[in-house]
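Observations on the model geometry
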Amino acid sequence: MSGPLSDGAKAPDFTLSTDEGDEVRLRGLKGRWVVLFFYPKALTPGCTTEACGFRDAYAELGELGAEVLGVSHDPVEKLKKFRAKHELTFPLLSDTEHEVTEAYGVYGLKKFMGREYMGIHRATFLIDPKGRIARAWPKVRVKDHVAEVVTALKELKTS
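As a starting point, this report considers the structure included with it. The shown structure was predicted, so the numbers you read here are calculated from the model rather than taken from an experiment. (Residues numbered from 1 in each chain as written. Predicted model: local features only at pLDDT ≥ 70, side-chain atom pairs only at ≥ 80, totals over all residues. Heavy atoms only, no water.)

To continue, consider helix H5 (residues 145-158). Helix length check: H5, at 14 residues, gives a terminal C-alpha distance of 20 Å against a target of 20 Å (1.5 Å per residue), a fit within 8%. Turning to H5, the residues buried within the fold contact strand S3 (33-38), helix H1 (45-56), helix H2 (58-63), strand S4 (66-72), strand S8 (123-127) and strand S9 (133-137). (Helix = DSSP H or I, 4+ residues; strand = E, 2+ residues; numbered from the N terminus. Expected span 1.5 Å × (residues − 1). Contact = heavy atoms within 4.5 Å.)

Using the criterion set out here, one finds nine aromatic pairs in the structure. Aromatic side chains Phe-37 and Phe-90 sit 5.7 Å apart centroid to centroid with 75° between the ring planes, which places their arrangement in the edge-to-face category. With a gap of 53 residues between them, Phe-37 in strand S3 and Phe-90 in the loop between helix H3 (76-85) and strand S5 (92-94) connect regions that are remote in the sequence. A residue is classified by how much of its surface remains accessible, and Phe-37, at 0% relative accessible area, is buried. Judged by centre distance (5.5 Å) and plane angle (45°), the rings of Phe-38 and Tyr-104 are tilted. Of this pair, Phe-38 sits in strand S3 while Tyr-104 sits in the loop between helix H4 (99-103) and strand S6 (107-112), and the two are 66 residues apart along the sequence. Using a relative accessible area of 0% as the deciding quantity, one classes Phe-38 as buried. Of the residues examined, Tyr-104 reaches a relative accessible area of 1% and is grouped as buried. (Phe/Tyr/Trp six-rings, centres within 6.5 Å; stacked < 30°, edge-to-face > 60°. Buried < 20%, exposed > 50% of the residue type's maximum accessible area, 1.4 Å probe, protein only.)

The biggest cluster of nonpolar side chains holds 28 residues, and the ones touching the most others in it are Val-35, Tyr-39, Phe-54, Leu-61 and Phe-90. Among the elements of the structure, S3, H1, S4, H3, S9 and H5 are those that each provide at least two residues to this core. Setting aside residues no more than four positions away along its own chain, Val-35 makes contact with Phe-54, Leu-61, Ala-66, Glu-67, Val-68, Leu-69, Thr-124, Phe-125, Leu-126 and Val-149. Membership of the second largest hydrophobic core comes to 21 residues, among which are Leu-16, Leu-26, Leu-29 and Leu-93. (Core = buried A, V, L, I, M, F, W, Y, C linked by side-chain atoms within 4.5 Å.)

What follows is the structure, encoded as structure tokens:
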């Protein structure tokens, strides 16, 4: 992993399947703000807390003109269960081939309890209406993260 993309970088375009079997293409959201958050694994405690935080802030983010998209390596069927169980209000995208996570620099070596493996590093990117990364959070701590994203979006929209 060369490292996550940073503020000012062009957001790589992608097309991914959603939990509902549709496709989302980033290019199709041009002209809107996009909150793109990457999480390691559906139906796990930290990922559930983060996703539910975005669910709870979804109306406010929408009022600010932002779309919310969550991305993991989970297959569509698991994403369906995750979205239904926690009543998530935004699309979950399946990147089983790691193409998008690699393009954004969030797929790499992880260490947990003495074990090393390849996986997603939790990160969020706020993409502006022109398709550039306005703000990047390369190492997300779940607590208070969604509030940071909302605050950043408000600041960026008024500057």
